[in-house]
Amino acid sequence: MTARHLPEHSPAEPRWREVAAATGLLAGDGTVRATIFAEMSALATRTGAVNLGQGFPDVDGPASVLAAAAHALASGANQYPPGPGIPELRAAVAAHQARHYGLDVDADTEVLVTAGATEAIAAAVLALAGPGDEVLTLEPFYDSYAAVIAMAGARHTTAPLVATSDGFRLDLDALESAFTDRTRVVLVNTPHNPTGAVLTRSELEAIARLAVRHDAVVVTDEVYEHLTLARADGSRPEHVPVATLPGMAGRTLTISSAGKTFSFTGWKVGWVTGPAELVVAVRTVKQFLTYVSAAPLQPAVAFALTDPGVAAWVDELAASLAERRDLLCAGLADAGFAVARPDGTYFVLADAAPLGFADGAELCHALPGLAGVVGVPVSAFTRPGSDVDGALRSWVRFTFVKREDVLVEAVDRLHAWAARR
């Protein structure tokens with residue numbers, strides 16, 4: 001395990017310790033561990049295991065989008081772009097919101113381009129919450145949420161997603177109990193990483209109703225918005241942006257990005273849309289983070305958002321991901337895991353308890369040697385000691401956003417392991 005020892009009395013000690021502690025990276029001896037994603041990827045490299053831990057595609061997105069980026073690069077789009085993002089991209093984002101969701105967004109005042117969704121989330125939380133405030137997320141949660149809430153000095157509260165026969169669902173009673181008069185921001189991720197849940201309209205309406213009651217701003221992470229996956233009957237779950245619910249457009253910041261939709265996760269081009277006063281608040285913070293980014297990639301993403309051929313490619317991607325999900329889910333189930341079939345994203349969660357493993361982290365460290373496959377423990381997405389952490393202690397996240405031959409190899413290795421047990 002990689003670790004770095006930091007000075008015990010560093011001037012930065014209060015904040016870095018809070019961030020490291022919030023993300024489970026601060027060890028008792030004062031070392032800061034590498035993230036579980038880096039650790040598992042390194043383990044996969046050392047052992048030759050199939051890496052189903054880190055969620056990035058192993059095939060690039062549309063060639064036409066790559067060509068648009070190359071053209072922009074060669075045409076001189078290499079200096080600072082405008083702070084809010086180039087006009088073409090902001091217009092494309094606004095048109096996307098109107099075309100898909102009927103949202104009327106002003107490209108000049110209600111769209112902000114960011115260095116991926118991660119920066120957008122960080123800038124939004126830093127802009128809107130501080131000491132004494134609470135930021136409510138679902139649990140399990142993407143790991144950067146806890147980090148940026150700690151950076152803001154706010155208190156992280158959670159509402160649980162619970163494993164059911166219908167996948168993971170939001171516990172509405174616990175959600176209501178999690179809201180307080182100090183809840184300033186509700187950070188909602190749907191489709192949801194790591195569970196693969198696509199929150200239903202009724203679940204989102206419950207969040208909206210409580211946000212209004214407690215005068216909270218809703219920040220939505222919708223990076224998997226176009227990657228809902230077909231069910232057995234062929235229907236696809238509906239992705240419902242919170243901003244489309246009655247009365248919510250004025251208190252919702254919607255975040256998405258090009259990385260997941262177009263399979264260019266390294267480009268880090270994201271955006272925020274919402275009411276002008278909230279977008280200004282986010283921009284005020286964002287301009288002192290990266291200032292601007294990805295000048296030659298912004299025209300390419302504008303093209304991707306508006307080109308019908310690329311839209312057809314995204315539909316094909318979602319169909320392919322559904323097939324790959326089914327392949328991996330079947331392989332995990334045959335190996336003895338209890339599988340929660342996801343409705344979206346790149347990920348599936350599997351419970352190792354039926355295999356006799358009570359601790360998913362221990363299994364993930366052992367699995368490369370046992371089966372030649374790498375996953376990530378769900379404990380990486382929970383608060384240590386929480387009810388959710390206890391309930392999901394034996395669960396592991398695997399990604400299916402890999403080539404089919406890679407998944408077939410992983411499934412074959414899991415089958416061989418199961419046969420030896």
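None of the values given here were measured: they were computed from a predicted structure. (Residues numbered from 1 in each chain as written. Predicted model: local features only at pLDDT ≥ 70, side-chain atom pairs only at ≥ 80, totals over all residues. Heavy atoms only, no water.)

### Observations concerning the overall build of the protein chain
For clarity, the cut-off: Only DSSP runs of H or I reaching four residues or more are called helices, and only runs of E reaching two or more are called strands; each is numbered from the N terminus. Every radius of gyration here is taken over C-alpha atoms, with the globule rule written as 2.2 Å times N^0.38, N being the number of residues. A simple rule labels every residue: compare its accessible area, found with a 1.4 Å probe on the protein chains alone, to the largest value its type can have, and call it buried under 20%, exposed over 50%, or partly exposed in between. Only heavy atoms enter the contact rule, under which two residues are in contact if any of them lie within 4.5 Å. Per-residue and other accessible areas follow the Shrake-Rupley method at a 1.4 Å probe size, with only the shown protein chains counted as cover for residues. Charge convention: Lys and Arg are scored as positive, Asp and Glu as negative, and His as well as the terminal groups of each chain are ignored. Charge positions are represented by NZ for Lys, CZ for Arg, CG for Asp and CD for Glu.
Each helix and strand counted, the protein chain has 15 helices and 16 strands in total. Here the C-alpha atoms of the protein chain give a radius of gyration of 21 Å, agreeing with the 22 Å that 2.2 N^0.38 yields for 421 residues. In terms of overall dimensions, the protein chain has C-alpha extents of about 60 × 50 × 45 Å along its principal axes. With 421 residues in all, the protein chain has 57% of them scored as buried. Of the contacts made within the protein chain by residues no fewer than 6 positions apart, 73% connect residues no fewer than 24 positions apart. Split by element, the accessible area of the protein chain, about 16,700 Å² in all, is 54% carbon and sulfur. Positive and negative side-chain charges in the protein chain, numbering 32 and 47 respectively, have mean positions lying 3 Å apart.

### Some words on the UniProt feature "domain: Aminotransferase class I/classII large" (unreviewed entry) in the protein chain
Under the convention used in this document: UniProt positions are given in the numbering used here, feature names are shortened, and annotations may be inferred rather than shown by experiment.
Under the UniProt annotation, "domain: Aminotransferase class I/classII large" (unreviewed entry) lies at residues 50–413. As annotated, residues 50–413 has a helix share of 41% and a strand share of 18%, and its two end C-alpha atoms lie 9 Å apart.

### Observations concerning helix α11 (residues 297–306)
Among the 10 residues that make up α11, seven are buried, leaving the element largely enclosed by the rest of the structure. The complete set of buried residues in α11 reads Leu297, Gln298, Ala300, Val301, Ala302, Ala304 and Leu305. As for α11, its buried residues are in contact with α3 (63–74), α4 (87–101), β4 (111–114), α9 (258–262), β11 (270–273) and α12 (308–334).

### Overview of the layout of surface pockets
Spelled out, the test is: A pocket, in this scheme, is an open set of points on a 1 Å grid over the protein atoms alone with protein on both sides within 12 Å along at least 5 of 7 lines, while a cavity is a set where a 1.4 Å probe fits but cannot get out; residues line either one if an atom lies within 4 Å of a point. Grid points are joined across faces, edges and corners, and a volume is the space filled by probe spheres set on the points.
Its boundaries defined by the atoms lining it, the largest pocket holds a volume of some 650 Å³. What lines the largest pocket is a set of 28 residues, among which Thr23, Gly24, Leu25, Ile36 and Ala380 lie closest to the centre. The set of elements that each furnish at least two residues to the lining of the largest pocket consists of α1 (13–22), α2 (36–47), α6 (143–152) and α13 (360–370). Ranked by residues supplied to the lining of the largest pocket, first place goes to α6 with five residues. Put simply, the second largest pocket is a space of about 510 Å³. What lines the second largest pocket is a set of 24 residues, among which Gly55, Thr118, Tyr142, Tyr224 and Lys260 lie closest to the centre. Secondary-structure elements contributing two or more residues to the lining of the second largest pocket are α5 (116–128), α6 and α9. Ranked by residue count, the leading element in the lining of the second largest pocket is α5, at four residues.

### A few points about the side chain of Lys402
Short version of the rule: Definition used for salt bridges: Asp or Glu carboxyl oxygen within 4 Å of a side-chain nitrogen of Lys or Arg.
Secondary-structure assignment places Lys402 in the loop between β16 (395–399) and α15 (404–420). Buried and unpaired, Lys402 has no salt bridge, with Asp58 as the nearest side chain of opposite charge at 5.4 Å.

### Section: the state of the cysteines
The following threshold applies: Our working definition of a disulfide is a cysteine sulfur pair at a distance within 2.5 Å.
Evaluation of the coordinates by the stated rule reveals zero disulfides. Between Cys329, a free cysteine, and Cys364, which holds the nearest cysteine sulfur, the sulfur-to-sulfur gap is 16 Å. The exposure class of Cys329 is buried, given its relative accessible area of 9%.

### With respect to helix α8 (residues 201–213)
We apply this condition: A helix's residues, less one, multiplied by 1.5 Å, set its expected span.
Over its 13 residues, α8 runs 18 Å from end to end, which matches the ideal 18 Å to within 8%, given 1.5 Å per residue. Looking at α8, one finds that the buried residues are Glu203, Leu204, Ala206, Ile207, Ala208, Leu210 and Ala211. The inward-facing, buried residues of α8 abut β7 (167–170), α7 (172–178), β8 (183–189) and β9 (217–221). Just downstream of α8, Asp215 is the residue with a positive phi angle, here 55°.

### Points about the pairing of β9
The condition is simple: Strands were regarded as paired on the criterion that DSSP finds at least two bridges between them. Classification remark: right-handed applies to a crossover when, strands pointing away from the viewer, the course from the first strand over the helix to the second runs clockwise.
Burial runs high along β9: five of the five residues are buried. Side chains of β9 alternate between two faces, with Val217, Val219 and Asp221 and Val218 and Thr220 buried alike. Sheet topology note: the β8/β9 ladder contains five bridges and is parallel. When the sheet's bridge partners are listed, Asn189 is paired in β9 with Asp221. Handedness of the crossover is the feature at issue here: the chain leaves β8, passes through α8, returns alongside β9, and the resulting connection is right-handed.

### Section: the sheet that holds strand β5 (residues 134–139)
Using the following cut-off: Only the stretch in contact is used when fitting a helix axis, every axis being a line fitted to C-alpha atoms; angles between N-to-C directions are given from 0 to 180 degrees.
Taken together, the eight strands give an open sheet; going across it, the order is β4-β11-β10-β9-β8-β5-β6-β7, and neighbouring strands pair in mixed fashion. Both edges of this open sheet fall to β4 and β7, since each of them pairs with a single strand only. When the angles between neighbouring strand axes are averaged without regard to direction, this sheet yields 25°. Alignment of β4 against β11, held across four bridges, turns out to be antiparallel. Residue pairing in the sheet places Thr114 in a bridge with Gly270 of β11.

### Looking at the pattern of salt bridges
Per the stated rule, a full pass over the model turns up 17 salt bridges. For Glu134, the salt bridge goes to Arg155, with nearest N and O atoms at 2.9 Å. Of this pair, Glu134 sits in strand β5 while Arg155 sits in strand β6 (residues 155–164); the two residues are 21 residues apart in sequence, bridging distant segments of the chain. Given a relative accessible area of 1%, Glu134 falls into the buried group. The closest approach of N and O atoms between Arg383 and Glu139, which form a salt bridge, is 3.8 Å. Residue Arg383 is located in the loop between β15 (376–377) and α14 (387–391), and its partner Glu139 is located in strand β5; the two are separated by 244 residues in the primary sequence. By relative accessible area, which is 1% here, Glu139 ends up buried.

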